[in-house]
Amino acid sequence: MERYIRFEAPEGEGWGIFKDGKIVGLSGNPAVQSEETNRYYEPSGVRLLAPVQPSKIICIGLNYKEHVKESQSADKAPEEPLLFSKPPSAVLGPGGRIVRPPMAERVDYEGELGVVIGRQCKNVAEIESEDYIFGFTCVNDVTARDLQRKDGQWTRAKGFDTFCPVGPWVTGRLNYEDLLIETYLNGELKQSARTSMMIFRIPRLVSFISKVMTLYPGDLICTGTPSGINPMQAGDRVEIRIEGIGSLVNDVI
Ligand code: MG
(Lines give C-alpha, C1' and ligand atoms only; values in the text may rest on other atoms or scores of the structure.)
Protein backbone atom coordinates (compact mmCIF):
# COMPACT_ATOMS: atom_id res chain seq x y z
CA MET A 1 0.00 0.00 0.00
CA GLU A 2 1.29 3.44 -0.91
CA ARG A 3 2.04 5.75 2.02
CA TYR A 4 2.19 9.45 1.17
CA ILE A 5 3.68 11.90 3.65
CA ARG A 6 4.60 15.52 4.14
CA PHE A 7 7.78 16.06 6.09
CA GLU A 8 10.33 18.50 7.37
CA ALA A 9 13.97 17.79 6.52
CA PRO A 10 17.08 19.96 7.07
CA GLU A 11 16.62 21.13 3.43
CA GLY A 12 13.04 22.24 4.09
CA GLU A 13 9.51 20.88 3.92
CA GLY A 14 8.28 18.53 1.25
CA TRP A 15 5.95 15.78 0.13
CA GLY A 16 7.10 12.22 -0.28
CA ILE A 17 6.26 8.56 -0.64
CA PHE A 18 7.81 5.60 1.15
CA LYS A 19 9.59 3.20 -1.21
CA ASP A 20 11.95 0.35 -0.32
CA GLY A 21 12.71 1.77 3.13
CA LYS A 22 13.46 5.26 1.78
CA ILE A 23 11.41 8.37 1.19
CA VAL A 24 11.21 9.52 -2.43
CA GLY A 25 10.53 13.27 -2.72
CA LEU A 26 7.42 14.35 -4.63
CA SER A 27 7.00 17.61 -6.55
CA GLY A 28 3.79 18.55 -4.70
CA ASN A 29 0.69 17.37 -2.86
CA PRO A 30 0.04 13.90 -4.28
CA ALA A 31 -3.74 14.26 -3.82
CA VAL A 32 -3.62 17.27 -6.14
CA GLN A 33 -0.83 16.80 -8.68
CA SER A 34 2.71 15.53 -8.22
CA GLU A 35 5.55 13.56 -9.72
CA GLU A 36 8.43 11.67 -8.16
CA THR A 37 11.68 13.63 -8.00
CA ASN A 38 15.25 12.33 -7.84
CA ARG A 39 15.55 13.39 -4.19
CA TYR A 40 15.73 10.67 -1.55
CA TYR A 41 15.55 10.93 2.24
CA GLU A 42 16.24 8.62 5.14
CA PRO A 43 13.08 8.19 7.24
CA SER A 44 15.13 8.71 10.42
CA GLY A 45 16.27 12.12 9.13
CA VAL A 46 12.85 13.71 8.69
CA ARG A 47 10.00 14.80 10.94
CA LEU A 48 6.51 13.90 9.75
CA LEU A 49 4.04 16.75 9.23
CA ALA A 50 0.29 16.53 8.59
CA PRO A 51 -0.07 14.69 5.24
CA VAL A 52 -2.92 16.92 4.03
CA GLN A 53 -3.41 20.59 3.12
CA PRO A 54 -7.16 20.66 2.54
CA SER A 55 -9.17 23.62 1.22
CA LYS A 56 -11.85 22.38 3.61
CA ILE A 57 -12.49 19.69 6.20
CA ILE A 58 -16.02 18.27 6.22
CA CYS A 59 -17.02 16.11 9.16
CA ILE A 60 -19.91 13.76 9.76
CA GLY A 61 -21.68 13.85 13.12
CA LEU A 62 -23.40 10.85 14.74
CA ASN A 63 -22.44 8.24 12.15
CA TYR A 64 -22.18 5.20 14.46
CA LYS A 65 -25.29 3.94 16.30
CA GLU A 66 -23.53 3.30 19.62
CA HIS A 67 -22.12 6.83 19.56
CA VAL A 68 -25.60 8.28 18.94
CA LYS A 69 -26.71 6.50 22.12
CA GLU A 70 -23.93 7.96 24.27
CA SER A 71 -24.21 11.42 22.73
CA GLN A 72 -26.40 14.14 24.16
CA SER A 73 -26.58 15.87 20.77
CA ALA A 74 -29.54 13.79 19.53
CA ASP A 75 -31.88 11.07 20.76
CA LYS A 76 -31.96 9.21 17.45
CA ALA A 77 -29.72 8.65 14.45
CA PRO A 78 -29.87 11.35 11.76
CA GLU A 79 -32.03 10.59 8.71
CA GLU A 80 -29.38 11.94 6.36
CA PRO A 81 -25.68 12.63 6.93
CA LEU A 82 -25.15 15.42 9.47
CA LEU A 83 -22.42 17.74 8.17
CA PHE A 84 -20.22 20.22 9.97
CA SER A 85 -16.77 21.53 9.26
CA LYS A 86 -13.46 22.20 10.91
CA PRO A 87 -11.21 25.02 9.64
CA PRO A 88 -7.98 23.96 7.89
CA SER A 89 -6.12 25.96 10.57
CA ALA A 90 -7.05 23.20 13.06
CA VAL A 91 -4.82 20.64 11.29
CA LEU A 92 -2.04 19.14 13.41
CA GLY A 93 0.57 16.61 12.33
CA PRO A 94 1.55 13.29 13.88
CA GLY A 95 3.49 13.87 17.09
CA GLY A 96 2.13 17.43 17.36
CA ARG A 97 0.67 18.64 20.63
CA ILE A 98 -3.06 19.08 21.13
CA VAL A 99 -3.55 22.32 23.05
CA ARG A 100 -6.45 22.38 25.53
CA PRO A 101 -7.80 25.93 25.24
CA PRO A 102 -8.40 27.88 28.47
CA MET A 103 -12.05 28.54 27.55
CA ALA A 104 -12.88 24.82 27.35
CA GLU A 105 -13.44 22.56 30.35
CA ARG A 106 -13.84 19.20 28.67
CA VAL A 107 -11.76 18.30 25.59
CA ASP A 108 -12.52 14.88 24.06
CA TYR A 109 -10.79 12.70 21.48
CA GLU A 110 -12.83 11.25 18.59
CA GLY A 111 -11.00 8.62 16.53
CA GLU A 112 -12.16 8.67 12.90
CA LEU A 113 -11.34 7.34 9.44
CA GLY A 114 -10.32 10.23 7.16
CA VAL A 115 -11.03 10.23 3.41
CA VAL A 116 -8.84 12.38 1.15
CA ILE A 117 -10.38 13.54 -2.12
CA GLY A 118 -8.32 13.13 -5.31
CA ARG A 119 -10.45 14.72 -8.03
CA GLN A 120 -12.73 17.75 -8.10
CA CYS A 121 -16.30 16.57 -7.69
CA LYS A 122 -19.78 18.04 -7.71
CA ASN A 123 -23.04 16.10 -7.85
CA VAL A 124 -21.43 12.67 -8.14
CA ALA A 125 -23.54 9.56 -7.82
CA GLU A 126 -22.78 7.05 -5.05
CA ILE A 127 -21.77 4.43 -7.56
CA GLU A 128 -19.03 6.61 -9.08
CA SER A 129 -17.90 8.34 -5.90
CA GLU A 130 -14.99 5.96 -5.25
CA ASP A 131 -13.30 7.30 -8.39
CA TYR A 132 -12.94 10.64 -6.57
CA ILE A 133 -11.14 9.26 -3.52
CA PHE A 134 -7.36 9.60 -3.33
CA GLY A 135 -6.75 7.72 -0.10
CA PHE A 136 -7.29 7.29 3.61
CA THR A 137 -5.78 8.46 6.88
CA CYS A 138 -6.40 8.58 10.64
CA VAL A 139 -8.06 11.64 12.14
CA ASN A 140 -8.77 12.78 15.68
CA ASP A 141 -11.85 15.05 15.64
CA VAL A 142 -10.91 16.78 18.91
CA THR A 143 -13.97 18.40 20.49
CA ALA A 144 -14.53 20.83 23.34
CA ARG A 145 -17.59 18.95 24.59
CA ASP A 146 -18.84 21.57 27.05
CA LEU A 147 -18.71 24.28 24.37
CA GLN A 148 -20.44 22.01 21.84
CA ARG A 149 -23.37 21.68 24.24
CA LYS A 150 -23.33 25.33 25.25
CA ASP A 151 -23.20 26.81 21.73
CA GLY A 152 -25.80 24.61 20.03
CA GLN A 153 -23.69 24.60 16.86
CA TRP A 154 -20.18 23.33 16.69
CA THR A 155 -17.88 25.83 15.02
CA ARG A 156 -16.08 26.89 18.18
CA ALA A 157 -16.10 23.47 19.87
CA LYS A 158 -14.55 21.76 16.85
CA GLY A 159 -12.47 24.59 15.46
CA PHE A 160 -9.62 25.41 17.85
CA ASP A 161 -6.06 25.29 16.50
CA THR A 162 -4.61 21.75 16.92
CA PHE A 163 -8.12 20.19 17.08
CA CYS A 164 -7.63 18.18 13.87
CA PRO A 165 -4.67 15.80 14.22
CA VAL A 166 -4.20 13.92 10.91
CA GLY A 167 -1.78 11.22 9.79
CA PRO A 168 0.73 9.75 10.04
CA TRP A 169 0.35 9.39 6.26
CA VAL A 170 -2.28 9.10 3.56
CA THR A 171 -2.54 5.64 2.05
CA GLY A 172 -3.63 4.92 -1.48
CA ARG A 173 -7.12 3.54 -1.99
CA LEU A 174 -7.76 0.48 0.12
CA ASN A 175 -10.70 -1.69 1.01
CA TYR A 176 -12.21 0.58 3.65
CA GLU A 177 -15.48 -1.31 4.14
CA ASP A 178 -14.60 -3.19 7.31
CA LEU A 179 -11.50 -1.82 9.05
CA LEU A 180 -10.85 -2.02 12.78
CA ILE A 181 -10.67 1.48 14.26
CA GLU A 182 -9.32 1.96 17.79
CA THR A 183 -8.46 4.79 20.13
CA TYR A 184 -6.00 4.42 23.00
CA LEU A 185 -5.62 6.93 25.82
CA ASN A 186 -2.32 6.50 27.67
CA GLY A 187 -2.12 3.00 26.20
CA GLU A 188 -5.61 1.98 27.36
CA LEU A 189 -8.14 0.93 24.71
CA LYS A 190 -11.09 3.38 24.76
CA GLN A 191 -12.76 3.06 21.35
CA SER A 192 -12.99 -0.10 19.27
CA ALA A 193 -15.30 -0.50 16.29
CA ARG A 194 -15.32 -1.43 12.63
CA THR A 195 -15.93 0.92 9.74
CA SER A 196 -18.68 -1.47 8.62
CA MET A 197 -20.70 -0.08 11.56
CA MET A 198 -21.07 3.37 9.98
CA ILE A 199 -24.68 4.45 9.51
CA PHE A 200 -23.88 6.25 6.24
CA ARG A 201 -21.14 4.53 4.25
CA ILE A 202 -18.35 6.33 2.44
CA PRO A 203 -19.82 6.33 -1.11
CA ARG A 204 -23.00 7.86 0.32
CA LEU A 205 -21.00 10.48 2.21
CA VAL A 206 -18.91 11.55 -0.80
CA SER A 207 -21.98 11.71 -3.02
CA PHE A 208 -24.07 13.56 -0.42
CA ILE A 209 -21.41 16.17 0.34
CA SER A 210 -20.76 16.70 -3.39
CA LYS A 211 -24.44 17.58 -3.83
CA VAL A 212 -23.96 20.38 -1.31
CA MET A 213 -20.52 21.75 -2.20
CA THR A 214 -17.73 21.17 -4.70
CA LEU A 215 -15.03 18.93 -3.26
CA TYR A 216 -11.48 19.71 -4.38
CA PRO A 217 -8.43 17.45 -4.55
CA GLY A 218 -6.85 17.34 -1.11
CA ASP A 219 -10.08 18.01 0.80
CA LEU A 220 -10.58 15.90 3.90
CA ILE A 221 -13.75 14.11 5.05
CA CYS A 222 -13.90 12.89 8.68
CA THR A 223 -16.37 10.02 8.71
CA GLY A 224 -17.56 10.14 12.33
CA THR A 225 -16.51 8.56 15.59
CA PRO A 226 -17.65 5.30 17.20
CA SER A 227 -18.70 5.13 20.84
CA GLY A 228 -16.26 5.47 23.72
CA ILE A 229 -15.63 9.22 23.75
CA ASN A 230 -13.86 10.53 26.83
CA PRO A 231 -12.00 13.64 27.89
CA MET A 232 -8.24 14.16 27.65
CA GLN A 233 -6.13 15.90 30.26
CA ALA A 234 -2.82 17.72 29.98
CA GLY A 235 -0.03 15.13 29.89
CA ASP A 236 -2.19 12.49 28.19
CA ARG A 237 -1.11 10.65 25.05
CA VAL A 238 -3.82 9.74 22.53
CA GLU A 239 -3.45 7.26 19.69
CA ILE A 240 -5.86 6.61 16.80
CA ARG A 241 -5.10 3.26 15.19
CA ILE A 242 -6.80 2.05 12.00
CA GLU A 243 -6.24 -1.35 10.43
CA GLY A 244 -4.41 -1.12 7.11
CA ILE A 245 -3.48 2.54 7.64
CA GLY A 246 -1.40 3.06 10.76
CA SER A 247 -1.24 4.88 14.04
CA LEU A 248 -1.61 8.60 14.78
CA VAL A 249 -0.12 9.62 18.14
CA ASN A 250 -0.40 13.03 19.82
CA ASP A 251 0.31 14.38 23.26
CA VAL A 252 -2.02 16.77 25.05
CA ILE A 253 -0.92 19.95 26.80
MG1 MG B 1 -16.49 13.50 15.09
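Below you will find a few notes about this structure. (Residues numbered from 1 in each chain as written. Predicted model: local features only at pLDDT ≥ 70, side-chain atom pairs only at ≥ 80, totals over all residues. Heavy atoms only, no water.)

1. Description of helix α4 (residues 202-210)
Taken across its 9 residues, α4 has 8 buried, putting it largely inside the fold. The complete set of buried residues in α4 reads I202, P203, L205, V206, S207, F208, I209 and S210. Buried positions along α4 lie against β6 (57-61), β7 (82-86), β11 (111-117), β12 (133-140) and β18 (220-222). (Buried < 20%, exposed > 50% of the residue type's maximum accessible area, 1.4 Å probe, protein only. Helix = DSSP H or I, 4+ residues; strand = E, 2+ residues; numbered from the N terminus. Contact = heavy atoms within 4.5 Å.)

2. Here we look at the packing of aromatic side chains
Counted under the stated rule, the structure contains 6 aromatic pairs. Their ring planes at 85° and their centres at 5.8 Å tell us that F18 and W169 sit as a pair that is edge-to-face. You can see F18 sitting in strand β2 (residues 12-19) and its partner W169 sitting in the loop between β14 (164-167) and β15 (170-171), a full 151 residues away along the chain. The same class applies to F18 and to W169, which are both buried. Positioned over the ring face of F18 is R3, at 4.3 Å from the centre of the ring. (Phe/Tyr/Trp six-rings, centres within 6.5 Å; stacked < 30°, edge-to-face > 60°. Lys NZ or Arg CZ within 6 Å of the ring centre and 35° of its normal.)

3. So, the coordination of the magnesium ion
Tetrahedral coordination by four donors sets the ideal angle at the metal to 109.5 degrees; octahedral coordination by six donors sets it to 90 or 180 degrees. Bound to the magnesium ion are the protein donor atoms E110 (OE), E112 (OE) and D141 (OD), situated 2.0 to 2.1 Å from the metal. Mapped onto the polypeptide sequence, the residues donating to the magnesium ion form the spacing pattern E-x1-E-x28-D. Of this pair, E110 sits in the loop between β10 (107-108) and β11 while D141 sits in the loop between β12 and β13 (143-144), and the two are 31 residues apart along the sequence. (Donors = N, O, S within 2.8 Å, 3.2 Å for Na, K, Ca; no water.)

4. A look at the pattern of salt bridges
Tallied over the entire structure, the rule returns 20 salt bridges. For E177, the salt bridge identified is with R201, shortest N-O distance 2.5 Å. Of this pair, E177 sits in the loop between β15 and β16 (180-185) while R201 sits in the loop between β17 (188-194) and α4, and the two are 24 residues apart along the sequence. Residue classification places E177 among the partly exposed residues on the basis of a relative accessible area of 32%. (Salt bridge = Lys/Arg side-chain N within 4 Å of Asp/Glu carboxyl O.)

5. Observations concerning the sheet that holds strand β19 (residues 237-242)
Judged by pairing direction, the sheet is mixed, and its 5 strands sit side by side in the order β9-β20-β19-β16-β17 without closing on themselves. Only two strands of the sheet have a single neighbouring strand rather than two, namely β9 (97-98) and β17. The sheet contact formed by β9 and strand β20 (residues 246-252) spans 2 bridges and is parallel. Bridging from a neighbouring strand, R97 pairs with D251 of β20. (Pairing = 2+ DSSP bridges.)

6. Looking at the sheet that holds β11
Paired through backbone hydrogen bonds, the strands of a sheet run either parallel or antiparallel to each other. The sheet built from 7 strands is open, its strands ordered β7-β6-β18-β11-β12-β14-β8 with mixed pairing. Of all the strands in the sheet, just β7 and β8 (91-92) have a single pairing partner and so form its edges.

7. Regarding the side chain of E112
Tracing the chain through its elements places E112 in strand β11. The side chain of E112 sits in the buried core without any salt bridge; K158 is the nearest counter-charge, 5.5 Å away. Polar side-chain contacts of E112 include one of 3.4 Å to the backbone nitrogen of T225. Those residues in contact with E112 that sit more than four places away from it in its chain are T137, C138, V139, D141, I181, C222, T223, G224, T225, I240 and I242. (Lys, Arg positive; Asp, Glu negative; His and termini not counted. Polar contact = N/O pair within 3.5 Å; in protein donor to acceptor, adjacent residues only side chain to side chain.)

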